[in-house]
Amino acid sequence: MPTERNNARKLLSSAEFTLFEASRRDGICVLSAAELKRKVERTRRLRDKYRDLYKRQRLAMRELTGTKRGNSGAANARTKEKAAIFPDLLTRFQARYVRFA
């Protein structure tokens, strides 16, 4: 799911946004194989971090709300959106790394 730059800017920290910018067409073309490998590793860590954080938050909300889904409106919406950004970035970096290496 491609993410718009403005949405990503609002959601991500400055370090995460730098990673987002590096995954874009202009940024990814200038990265070496070693840099791509580091970006893949960092993106994978961030993907796992936000996926796990969203899961923990959802389970905590499940206890609070008493519902099976653990939803209460937009309680975890920001974390869910961040979690959705990083798989896309990882796909871009991995595709470039495979072509490069």
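**Quick notes on the nonpolar core**
For step 1, the next point in the chain: Ala8, Leu12, Phe20, Ile85, Phe86 and Phe93 are the most contacted members of the largest nonpolar core, which has 19 residues in total.
For step 2, the next point in the chain: Mapped onto this core, the elements with two or more residues apiece are helix 1 (5-11), helix 2 (14-22), helix 4 (33-65) and helix 5 (77-100).
For step 3, the next point in the chain: For this core, the leading source of residues is helix 5, giving six residues.
For step 4, the next point in the chain: Apart from the residues lying within four places of it in its own chain, the contact partners of Leu12 are Phe17, Phe20, Lys82, Ile85 and Phe86.

**Describing helix 4**
For step 1, the next point in the chain: Taking 1.5 Å per residue, 33 residues should reach 48 Å; helix 4 reaches 47 Å between its end C-alpha atoms and fits that length.
For step 2, the next point in the chain: Listed in full, the buried residues belonging to helix 4 are Leu36, Val40, Thr43, Leu46, Tyr50, Tyr54 and Met61.
For step 3, the next point in the chain: Contacts from the buried residues of helix 4 go to helix 2, helix 3 (25-28) and helix 5.
For step 4, the next point in the chain: Backbone geometry just after helix 4 places Gly66 at a positive phi near 75 degrees.

**Things to note about the side chain of Lys82**
For step 1, the next point in the chain: Counting through the fold element by element, Lys82 comes out in helix 5.
For step 2, the next point in the chain: Engagement of the side chain of Lys82 in a polar contact is seen with the side chain of Glu16, the distance being 3.2 Å.
For step 3, the next point in the chain: Within the local environment of Lys82, its side chain forms a polar contact with the side chain of Tyr50, the two groups lying 3.1 Å apart.
For step 4, the next point in the chain: Once residues within four sequence positions are removed from consideration, Lys82 is found in contact with Leu11, Leu12, Glu16 and Tyr50.

**A few points about the packing of aromatic side chains**
For step 1, the next point in the chain: One pass over the full model with this rule turns up two aromatic pairs.
For step 2, the next point in the chain: Residues Phe17 and Phe20 carry aromatic rings whose centres are separated by 5.8 Å and whose planes lie at 20 degrees to one another, so their mutual orientation is stacked. Here the residue Phe17 and the residue Phe20 both occupy positions in helix 2, the gap between them amounting to three residues, near one helical turn.
For step 3, the next point in the chain: Between Arg9 and the ring centre of Phe17, over which it is positioned, the NZ or CZ distance is 4.6 Å.

**Considerations on the confidence of the model for the chain**
Low-pLDDT stretches of the model should not have their predicted coordinates read in fine detail.
For step 1, the next point in the chain: Considering every residue of the chain, the mean pLDDT works out to 88; 88% of them sit at 70 or more.
For step 2, the next point in the chain: Element-level pLDDT for the chain is lowest in helix 3, with a mean of 90, against a maximum mean of 95 in helix 2.

**A look at the packing of helix 2 against helix 5**
For step 1, the next point in the chain: As a packed pair, helix 2 and helix 5 sit with axes 10 Å apart at the nearest point and diverge in direction by 40 degrees. Taken as axis vectors, helix 2 and helix 5 run oblique relative to one another. Taken as a pair, helix 2 and helix 5 cross one another with a handedness that is left-handed. Of the residues in helix 5, those in contact with Glu16, Leu19, Phe20 and Ala22 of helix 2 are Lys82, Ile85, Phe86, Leu89, Arg92 and Phe93.
For step 2, the next point in the chain: Taken together, the residues of the contact of helix 2 with helix 5 sort by class into seven nonpolar, no polar and three charged.

**Focus: the pattern of salt bridges**
For step 1, the next point in the chain: Under the defined criterion, the tally for this structure stands at six salt bridges.
For step 2, the next point in the chain: Across the pair Arg5 and Glu21 runs a salt bridge whose closest N-O atoms are separated by 2.7 Å. Of this pair, Arg5 sits in helix 1 while Glu21 sits in helix 2, placing them 16 residues apart in sequence.
For step 3, the next point in the chain: Owing to a relative accessible area of 41%, Arg5 belongs among the partly exposed residues under this scheme.
For step 4, the next point in the chain: Across the pair Arg92 and Asp88 runs a salt bridge whose closest N-O atoms are separated by 2.7 Å. One end of the pair, Arg92, and the other, Asp88, are both in helix 5, four residues apart, so they sit about a helical turn from each other.
For step 5, the next point in the chain: The class for Arg92 is partly exposed, based on a relative accessible area of 22%.
For step 6, the next point in the chain: On the accessibility criterion, Asp88 (17% relative accessible area) is buried.
For step 7, the next point in the chain: Three or more residues are tied together by salt bridges with common partners; here these are Arg47, Asp48, Arg51 and Asp52.

Cut-offs applied
- Residues numbered from 1 in each chain as written.
- Predicted model: local features only at pLDDT ≥ 70, side-chain atom pairs only at ≥ 80, totals over all residues.
- Heavy atoms only, no water.
- Core = buried A, V, L, I, M, F, W, Y, C linked by side-chain atoms within 4.5 Å.
- Buried < 20%, exposed > 50% of the residue type's maximum accessible area, 1.4 Å probe, protein only.
- Helix = DSSP H or I, 4+ residues; strand = E, 2+ residues; numbered from the N terminus.
- Contact = heavy atoms within 4.5 Å.
- Expected span 1.5 Å × (residues − 1).
- Polar contact = N/O pair within 3.5 Å; in protein donor to acceptor, adjacent residues only side chain to side chain.
- Phe/Tyr/Trp six-rings, centres within 6.5 Å; stacked < 30°, edge-to-face > 60°.
- Lys NZ or Arg CZ within 6 Å of the ring centre and 35° of its normal.
- pLDDT = per-residue confidence, 0-100.
- Axes fitted to C-alpha atoms, helices over the stretch in contact; angles between N-to-C directions.
- Parallel < 35°, antiparallel > 145°, perpendicular 65-115°, else oblique.
- Left-handed = near helix turned anticlockwise from the far one by under 90°.
- Nonpolar A, V, L, I, M, F, W, Y, C, P; charged D, E, K, R; others polar.
- Salt bridge = Lys/Arg side-chain N within 4 Å of Asp/Glu carboxyl O.

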